[in-house]
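# Structural features, examined
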Amino acid sequence: MELSDSDREKSLQLTHIRGEPENIAFAGHEDMGLDDITQPDPARLSKIYRKLDFRIIPALWCLYFLTSGIRSNVGLALTMNASEHDTLIEYLGLTSHDTSLGLALYYVGYVVFDVPFNLIMTRIAPHAWISRVVATIGIVGACMAAMKAAWSFIFLRLLLGIMTAGLWPGMAYYLTLWYPPHRCAQRIGFYFTAAQISAAVVGLVSAGFQYMNMDKGLTGFAWMFLIYGLATIVVGIALLWWLPDRPNLGQGPRVGLRRLIPEQRPVLDEEDFKLHFADMKATYVAHAWTRKDLVKVLLDVRLYPLVLMYFGVVGTGIGLQNFATVIIKSINSSWSSVDLSLLTAPIWICDLIGILIVTPLSDRFHNHRAIFFSGPSLIIIAGLIVTTYAPTHWSRYAGLLITGLGLGPTVPICMTWTAEIFQPRHGEVGTAVATAVVSGLGNLGSVATTYALYSGWPADVKRGYRNSNMVMLAMVGNSILFAAVCSLLRRALGDPMTREQQWAQQHSVQHNREQEEENAVQQAEEMYF
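Residues numbered from 1 in each chain as written. Predicted model: local features only at pLDDT ≥ 70, side-chain atom pairs only at ≥ 80, totals over all residues. Heavy atoms only, no water.

## Some thoughts on the packing of helix 16 (residues 393-442) against helix 18 (residues 466-493)
For the pair helix 16 and helix 18, the least separation of the axes is 13 Å and the interaxial angle reads 20°. Compared by their axis directions, helix 16 and helix 18 come out roughly parallel. The handedness of the crossing between helix 16 and helix 18 is left-handed. Residues Trp-417, Glu-420 and Ile-421 of helix 16 form the contact with helix 18, whose participating residues are Ala-483, Cys-486, Ser-487 and Arg-490. (Axes fitted to C-alpha atoms, helices over the stretch in contact; angles between N-to-C directions. Helix = DSSP H or I, 4+ residues; strand = E, 2+ residues; numbered from the N terminus. Parallel < 35°, antiparallel > 145°, perpendicular 65-115°, else oblique. Left-handed = near helix turned anticlockwise from the far one by under 90°. Contact = heavy atoms within 4.5 Å.)

The structure is reproduced here in structure tokens:
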């Protein structure tokens with residue numbers, strides 16, 4: 001039966017009452033209806049995330065491998081070509097104060113710029129910002145090959161820290177755009193292995209660079225800085241094509257600077273896209289944040305135990321990374337500079353083993369992050385005691401291997417725990433700010449170990465750096481204490497609902513809303529017809 005004009009008017013009113021949802025459109029998936037998606041099958045979701053792994057994790061691994069090499073190779077340069085008196089210290093005429101100041105100023109850049117740089121990532125294409133960070137790290141790293149005086153070392157280390165700010169927390173934030181927090185620890189651990197492998201590799205290749213000393217007029221360490229820097233620039237530019245943008249590619253018209261960013265094809269096919277959308281709805285819509293949102297994150301009492309956890313373990317890790325050759329030299333002064341370079345590699349291989357063993361277990365039993373953080377921290381403490389007090393050269397060196405084994409999982413677990421706590425409570429800006437604050441303020445531990453310990457503590461040289469080792473031991477003990485505090489605060493203040501509970505609540509709310517709309521339609525039909 002054909003409806004009259006009056007009936008058509010009433011039908012339109014009924015349609016409005018029903019509030020039927022419109023399809024959500026995204027670049028590459030414009031015609032896809034997403035409003036009827038139910039909770040995805042876990043096995044299918046795992047396949048989708050493995051597919052994303054092949055695109056995202058190798059890119060993050062490569063960029064972190066090279067940038068970590070640029071950060072850590074300065075520690076090897078301190079002792080390279082010692083027999084020719086062409087070490088970084090002797091070539092530039094560095095005093096112990098200059099060395100400590102240059103190493104420490106790198107982390108000052110972290111502290112000052114981590115938060116603002118991470119917030120920038122929430123407003124622009126995050127893969128383009130990461131590309132910028134990596135390329136500029138490469139540029140500054142290559143410029144270190146031209147250093148001729150102490151001031152240039154101090155200045156370039158400060159500049160390198162500023163350019164690097166936001167990279168590590170930014171990578172953690174970027175990962176939470178594509179993966180839920182409970183899937184992040186293992187993946188952060190995977191690309192964090194790049195730092196360990198990089199430290200091992202740079203220790204091995206630095207032995208080779210020493211044989212290039214004064215080739216073309218460059219010292220061995222200058223060749224190392226130059227080659228690492230150029231390779232990092234190339235990878236930084238390639239990331240514009242390699243890393244995908246945030247999940248929602250429909251981010252507005254390509255105007256202004258966005259026109260310079262290469263266009264990308266969708267990472268997932270239609271079906272996988274719909275399921276990923278259902279699992280990660282929050283990251284598909286960019287939410288504008290305000291100062292009030294920032295204040296809420298900064299006033300959350302759960303934040304600062306995480307900072308103090310990170311302070312101890314990252315300070316110890318950076319102290320060991322920068323001064324590994326110095327510590328090994330103190331164990332046996334007869335070892336050559338090539339021996340020192342080669343002996344650093346096994347420390348970071350043990351670090352890698354710790355990551356591969358512990359971080360998957362931490363994800364599987366993610367309600368017990370404190371245990372998986374504290375256990376490796378106790379291993380660090382045991383290693384530092386052995387390194388300091390063991391009776392023989394090789395047993396003291398074995399203590400460094402034990403320390404490396406414990407260090408590996410602590411930093412990835414700390415960053416994952418931060419995202420896991422703050423993303424459900426504060427959303428995207430919570431992850432960005434919290435990871436940056438933990439990384440930035442936590443790296444004051446790196447400032448402490450690089451400026452005040454080892455070369456920054458001349459009186460401790462005669463003691464074989466015993467007091468420096470014990471200070472790092474105390475820092476790690478502090479980390480264990482605040483892991484317990486963080487766990488207790490979570491229990492006392494409560495956690496957000498689990499993902500399953502969120503789905504159940506959403507389904508219940510949706511069902512009630514549909515029932516109310518249906519009742520309204522029935523009432524309207526009775527009135528009109």
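Still to come is the rest of the account.
## Describing the pattern of salt bridges
The tally for this structure, following the rule as stated, stands at eight salt bridges. For Asp-272, the salt bridge is made with Arg-44, and the minimal N-O distance between the two is 2.8 Å. Here the residue Asp-272 occupies a position in helix 10 (residues 270-279), and Arg-44 occupies one in helix 2 (residues 42-77), the gap between them amounting to 228 residues. The class for Arg-44 is partly exposed, based on a relative accessible area of 33%. When the shortest N-O distance is used, the salt bridge between Arg-187 and Asp-53 registers 2.7 Å. Here Arg-187, found in helix 8 (residues 184-209), pairs with Asp-53, found in helix 2; they are 134 residues apart in sequence, far enough to count as distant. Of the two residues examined, Arg-187 and Asp-53, each falls in the buried class. Overlapping salt bridges, with partners in common, bring together Asp-363, Arg-369, Glu-420 and Arg-490 in one network. (Salt bridge = Lys/Arg side-chain N within 4 Å of Asp/Glu carboxyl O. Buried < 20%, exposed > 50% of the residue type's maximum accessible area, 1.4 Å probe, protein only.)

## A look at the packing of aromatic side chains
Under the counting rule described, the total for this entry stands at 15 aromatic pairs. Seen in terms of ring centroids, Trp-61 and Phe-65 are 5.3 Å apart; in terms of plane orientation they differ by 15°. Their pairing is stacked. You can see Trp-61 and its partner Phe-65 sitting in helix 2, four residues apart, about one turn around the helix. By relative accessible area, which is 25% here, Trp-61 ends up partly exposed. Since its relative accessible area comes to 16%, Phe-65 is described here as buried. Measuring from centroid to centroid gives 5.4 Å for Phe-113 and Phe-117, while their planes differ by 35°, and the two rings are tilted. Of this pair, Phe-113 and Phe-117 are both found in helix 4 (residues 96-123), four residues apart, which corresponds to roughly one turn of the helix. Ring-pair connections join several aromatic residues into one group, and the members of that group are Tyr-64, Trp-168, Tyr-191 and Phe-192. Just above the ring of Phe-117 sits the side chain of Arg-132; from NZ or CZ to the centre is 5.5 Å. (Phe/Tyr/Trp six-rings, centres within 6.5 Å; stacked < 30°, edge-to-face > 60°. Lys NZ or Arg CZ within 6 Å of the ring centre and 35° of its normal.)

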